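# Understanding the architecture of this molecule
Chain residues, written in single-letter form:
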Amino acid sequence: MLSVRLPEAIERDLTQYCAVRKLTKSQVVQEALAEYLVAAKTSSHGKPVPEPDLSFLDADDPIRQFIGIAKDGMSTDELMRMTRGDDWNQP
């Protein structure tokens, strides 16, 4: 299970897209993510991966400084184990 926060404009566009095509938001997001991951895998073979599009963030948004810093760092699992213990993700 995954929850994602979207900017209002993207949420509105996604809702309209889904209504017109009679699809659920989950279906659209799953398909888009699958395509993104295939493209990322393909582009990692010799081509540099493009920088993320941050146009949805204000220029002075403090989150900008953190985007991409953990690219080669610890995984979420490692960080959560470090802060919450080995059983952090158990039901």
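Residues numbered from 1 in each chain as written. Predicted model: local features only at pLDDT ≥ 70, side-chain atom pairs only at ≥ 80, totals over all residues. Heavy atoms only, no water.

Counting secondary structure elements, the chain contains three helices and zero strands. Going from N to C terminus, the chain has its helices and strands arranged as α-α-α. On the chain, roughly 8500 Å² of surface is accessible, and the fraction owed to carbon and sulfur atoms is 56%. (Helix = DSSP H or I, 4+ residues; strand = E, 2+ residues; numbered from the N terminus. Areas by Shrake-Rupley, 256 points an atom, 1.4 Å probe, with all protein chains shown as cover.)

With that out of the way, let us pick up helix 1 (residues 8–21). Under the 1.5 Å per step criterion, the end-to-end length of helix 1 is 20 Å for 14 residues, consistent within 8% with the ideal 20 Å. Immediately downstream of helix 1, the backbone of K22 shows phi near 55 degrees, a positive value. (Expected span 1.5 Å × (residues − 1).)

Here K22, not a glycine, exhibits a phi torsion of approximately 55 degrees, which is positive. With respect to the element layout, K22 can be found in the loop between helix 1 and helix 2 (25–43).

Along the chain, the position of I67 falls in the loop between helix 2 and helix 3 (76–84). On the accessibility criterion, I67 (33% relative accessible area) is partly exposed. A C-alpha to C-alpha distance of 9.0 Å links I67 and L54, two positions 13 residues apart in sequence. Discounting residues that sit within four places of it in the chain, I67 has contacts with P52, L54 and L57. (Buried < 20%, exposed > 50% of the residue type's maximum accessible area, 1.4 Å probe, protein only. Contact = heavy atoms within 4.5 Å.)

Across the chain, the average pLDDT comes to 78, with 76% of residues at or above 70. Within the chain, helix 1 carries the highest mean pLDDT (92), whereas helix 3 carries the lowest (72). (pLDDT = per-residue confidence, 0-100.)

What follows concerns the environment of V29. In this fold, V29 is placed in helix 2. In this structure, the C-alpha to C-alpha distance between V29 and L14, residues 15 residues apart in sequence, is 9.0 Å.

This paragraph deals with a nonpolar patch on the surface. Together, L2, V4, L6, I10 and F56 give the surface a local cluster of nonpolar side chains, amounting to about 490 Å² of exposed area. Assignment of secondary structure puts I10 in helix 1. (Patch = residues over 30% accessible without salt bridge, like charges linked within 9 Å, V, L, I, M, F, W, Y side chains within 5 Å. Salt bridge = Lys/Arg side-chain N within 4 Å of Asp/Glu carboxyl O.)

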